Amino acid sequence: MSTRQSNLTNIRPEILGETINENMSTDERFQNLVLRPIIKLQNDLLVEVFKNYIRKHKSVFHEFTLEKRMAYIENAIQRDMKLRNSMKGMIIGQFTVEEFLVYIENSSALNKRMMNFVKERLLSQIQLFDNPEYLKAV
């Protein structure tokens, strides 16, 4: 019989190039072993959540220049607590019990790392947020 822990860890993608060494802080180790794989696993869902966020905010995002779109993403991740908490929940929900116990020891710093990764991931895929109406005309 498989356990929740083994199921969760088995579906996570492997992050190549990440080395784990004994000089790493606990937070950095957690970031590389837990947060990065989970955020990569949840990428498609996080993108769709942000697309929905854009729609719910009257799609003003599509009227902005690239620079302002980037600022909009950063601002939304930083300041919109509903969005932020929703995204954090999608990531924390993929933790094993043991990982959650490590997370609660320093949740503030780990939340900051987590949301920075989410922000960077969304910024690196900003073209996915282009208005589909514009794409159909091409």
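See the structure shown above.
Just so it is clear, the structure is predicted and the values come from calculations on it, not from any experiment.

Calculation criteria
- Residues numbered from 1 in each chain as written.
- Predicted model: local features only at pLDDT ≥ 70, side-chain atom pairs only at ≥ 80, totals over all residues.
- Heavy atoms only, no water.
- Helix = DSSP H or I, 4+ residues; strand = E, 2+ residues; numbered from the N terminus.
- Buried < 20%, exposed > 50% of the residue type's maximum accessible area, 1.4 Å probe, protein only.
- Phe/Tyr/Trp six-rings, centres within 6.5 Å; stacked < 30°, edge-to-face > 60°.
- Axes fitted to C-alpha atoms, helices over the stretch in contact; angles between N-to-C directions.
- Parallel < 35°, antiparallel > 145°, perpendicular 65-115°, else oblique.
- Contact = heavy atoms within 4.5 Å.
- Nonpolar A, V, L, I, M, F, W, Y, C, P; charged D, E, K, R; others polar.
- Patch = residues over 30% accessible without salt bridge, like charges linked within 9 Å, V, L, I, M, F, W, Y side chains within 5 Å.
- Areas by Shrake-Rupley, 256 points an atom, 1.4 Å probe, with all protein chains shown as cover.
- Salt bridge = Lys/Arg side-chain N within 4 Å of Asp/Glu carboxyl O.

J.: Provide a residue-level description of the overall build of the chain, including the pertinent values.
T.: Secondary structure summary: the chain contains eight helices and zero strands in total. Of the regular secondary structure in the chain, the N- to C-terminal order runs α-α-α-α-α-α-α-α. Overall size of the chain, expressed as C-alpha extent along the three principal axes, is 50 × 30 × 30 Å. Taking all 138 residues of the chain together, the buried fraction comes to 37%.

J.: Give a detailed account of the packing of aromatic side chains, specifying residues and quantitative values.
T.: With the rule as written, the count across this model stands at eleven aromatic pairs. Aromatic side chains Phe 50 and Phe 129 sit 5.2 Å apart centroid to centroid with 65 degrees between the ring planes, which places their arrangement in the edge-to-face category. Note that Phe 50 is positioned in helix α3 (residues 43–56) and Phe 129 in the loop between α7 (107–124) and α8 (132–137), a separation of 79 residues in sequence. The class for Phe 129 is buried, based on a relative accessible area of 1%. Look at Phe 95 and Tyr 103: their rings are 5.3 Å apart centre to centre, the planes differ by 65 degrees, and that puts the pair in the edge-to-face class. Classification of Phe 95 as buried rests on a relative accessible area of 2%. Among the aromatic residues, those joined into a cluster by ring pairs are Phe 50, Tyr 53, Phe 61, Phe 64, Tyr 72 and Phe 129.

J.: I'd like to hear about the packing of helix α4 (residues 66–79) against helix α5 (residues 81–92), residue by residue, with values.
T.: Running from N to C, α4 and α5 point in directions that differ by 80 degrees, and their axes come no closer than 6 Å. Classed by the angle they form, the pair α4 and α5 counts as roughly perpendicular. On α5, the residues that touch Ala 76, Ile 77, Gln 78 and Arg 79 of α4 are Met 81, Leu 83, Arg 84 and Met 87. Tallied by class, residues from the contact of α4 with α5 come to five nonpolar, one polar and two charged.

J.: Can you break down a nonpolar patch on the surface residue by residue, with the values?
T.: A contiguous nonpolar surface patch, about 360 Å² in accessible area, is contributed by Val 97, Phe 100, Leu 101 and Ile 104. Topologically, Phe 100 is positioned in helix α6 (residues 97–105). Under the relative-accessibility criterion, Phe 100 is labelled partly exposed at 36%.

Purely geometric stuff here, so don't read any function into it on its own.
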